[in-house]
Amino acid sequence: MEQLTNLVVAEGELTNIARTLGRLALDTNAGHTLLLDKSGQLISAQGSGPQRDLIALGALLAGAFSSSRQVAEILGERDFRAIYQQGAYESIYTLMIGEQWLLVVVFDKQTHVGLVKVLARKASEELERILQRVRQGSAQAREQVVSVQFRDSVSNTIDLLFQD
Amino acid sequence: MALINVANREIQCKIVYYGTGFCGKTTNLHYIYGHAPARAHGAMRSIATENERTLFFDFLPIDLGTVHGFRVQFALYTVPGQVLYERTRVAVLNGVDGVVFVADSSPEKLEENFQNLIELETNMRRMGKDLGSFPFVMQWNKRDLPNAVPVATLDRYLNRRHVPAFPACATTGEGVFATLRAICKAVMAVL
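Residues numbered from 1 in each chain as written. Chains lettered and ligands numbered in written order. Predicted model: local features only at pLDDT ≥ 70, side-chain atom pairs only at ≥ 80, totals over all residues.

Caption draft 1: Highlighting the overall build of chain B. Helices and strands together make up the secondary structure of chain B, namely five helices and eight strands. Expected size for 191 residues packed as a compact globule is a radius of gyration near 16 Å; at 16 Å, chain B falls within 12% of this value. Its C-alpha atoms give chain B principal-axis dimensions of about 50 × 35 × 30 Å. The 191 residues of chain B split such that 51% are buried. Restricting to contacts in chain B with at least 6 residues of sequence separation, those with at least 24 account for 69%. (Helix = DSSP H or I, 4+ residues; strand = E, 2+ residues; numbered from the N terminus. Rg over C-alpha atoms; globule rule 2.2 N^0.38 Å. Buried ≥ 20, exposed ≤ 12 C-beta atoms within 10 Å, placed from the backbone. Contact = placed C-beta atoms within 7 Å.)

Caption draft 2: Looking closely at the interface of chain A and chain B. Facing the 42 residues of chain A at the interface are 49 residues of chain B. Put simply, the parts of the chain that give the side of chain A that touches chain B at least two residues each are β1 (6-9), α1 (11-28), α2 (54-75), α3 (113-145) and α4 (148-161) of chain A. Top contributing element to the side of chain A that touches chain B by residue count: α4(A), with nine residues. By residue class, the composition of the side of chain A that touches chain B is 19 nonpolar, 14 polar and nine charged. (Nonpolar A, V, L, I, M, F, W, Y, C, P; charged D, E, K, R; others polar.)

Caption draft 3: Structural context of unusual backbone geometry. Even without being a glycine, N29(A) presents a positive backbone phi close to 55°. Mapping N29(A) onto the fold places it in the loop between α1 and β2 (32-37).

Caption draft 4: Just helix α1 (residues 25-35) of chain B, in detail. Those residues of α1(B) that sit buried are K25(B), T26(B), T27(B), N28(B), L29(B), Y31(B) and I32(B). In this fold, the buried residues of α1(B) make contact with β2 (10-19), β4 (54-67), β5 (70-78), β6 (98-104) and α5 (176-189) of chain B.

Caption draft 5: Examining the sheet that holds strand β6 (residues 101-108) of chain A more closely. Residues and elements named next belong to chain A. Overall, antiparallel pairing links the five strands, which are arranged β3-β2-β6-β5-β4 in an open sheet. The open sheet has two edge strands, β3 (42-46) and β4 (82-85), and neither has a second partner. The sheet shows a mean angle of 15° between the axes of neighbouring strands, taken without regard to direction. Bridge count for β4 against strand β5 (residues 90-97) is four bridges, and the pairing is antiparallel. Its bridge partner being in β5, I83 is matched across the sheet by T94. Along the sheet, α2 contacts β2, β3, β4, β5 and β6; its crossing angle with β2, the most-contacted strand, is approximately 65°. Where α3 meets the sheet, its contacts fall on β2, β4, β5 and β6, and the angle it forms with β5 comes to roughly 35°. (Pairing = 2+ DSSP bridges. Axes fitted to C-alpha atoms, helices over the stretch in contact; angles between N-to-C directions.)

Caption draft 6: Geometry of the pairing of β2(A). Residue and element names in this part refer to chain A. Burial within β2 is extensive, with six of its six residues counted as buried. Residues H32, L34 and L36 of β2 are buried on one face, and the alternating residues T33, L35 and D37, pointing to the opposite face, are buried as well. Where β2 lies against β6, six bridges are found, and the strand directions are antiparallel. Each residue of the ladder has a partner; that of L34, found in β6, is V104. As judged from the four bridges shared by β2 and β3, these two strands associate in the antiparallel manner. Its bridge partner being in β3, L36 is matched across the sheet by L42. Connecting β2 to the antiparallel partner β3 that follows it, the hairpin turn spans four residues, and G40 within it adopts a positive phi of roughly 105°.

Caption draft 7: The packing of α2(A) against helix α2 (residues 86-93) of chain B, seen in detail. At a minimum axis distance of 8 Å, the contact between α2(A) and α2(B) shows a crossing angle of 130°. Classified by the angle their axes make, α2(A) and α2(B) are oblique. Our pair here, α2(A) against α2(B), has a crossing hand that is right-handed. Within the contact between the two elements, α2(A) uses G63(A), S66(A), S67(A) and Q70(A) and α2(B) uses R87(B), T88(B), V90(B), A91(B) and V92(B). Of the residues contributing to the contact of α2(A) with α2(B), the split by class is three nonpolar, five polar and one charged. (Parallel < 35°, antiparallel > 145°, perpendicular 65-115°, else oblique. Left-handed = near helix turned anticlockwise from the far one by under 90°.)

Laid out in structure tokens, this is it:
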């Protein structure tokens, strides 16, 4: 089979990502700042908001974003690069980074959306630079993780867990 | 796109169940949710209409636990099967690592299965992926129907690539885990 596209986020870069998200959460007083892969997988989350099912949140937000891009296509719009979901108490701003990642800011009514937009844009530029480095280092980092033994062990675990 | 998070020691992959309306995609996920060990899955989320037809997708996170120090997770999704949701299916396929095509064994659904499979191939091609070289398995669902199309016929018309195919009855669970095991292993094989 052909090699799958995969992205390997190394330790140092994850620290950089977390730092950028943490600063954004602090500056916007956001409950959560998330970095998602466009397929809905959560890469990193920061913020001191209430405990939430961030895995499901990531899947749903990525789905909504992906859906909006299909809407853009029907309208003949080149792209929708951001979505703003406005709630009575909490709102969500989602911004696309490159063609691969989504930056999500969950903030409450005390923060003005204009501030979130400006600071999210700034953070996205920083994250895009990190993403470039992650892409370049991906193949090498992958070799360190995925071995034949690893694949065999995963295969055995799958057999063990999912029995008829 | 599989995500390998070295710092958090996590591997995440996305699997999509594709197929026509009422072919049993959601039933597959319900069975997995109800019968896999509780520690191996999270909560199932469905975005459905009032009469429980899938509107956007179903989502079920699967957790294999820690293997060689890495937590391995699969996110299972279904697409809405009805014809009008074609664009929604494209949205759900975004970033997929493996596909299960669930075919309905009813004779009157044979042509619809075929059209749906062509649509899947087209959507994958638009994303730059060729099903011939991609983790892909098929499931012949509803084998309990008295007039089910013979497996050999389904194989001849729908499985030109000769990928692994599993007879199933998702309501009783027959073939559900065999399909899941096969697609998870296919995804891991190319990670």
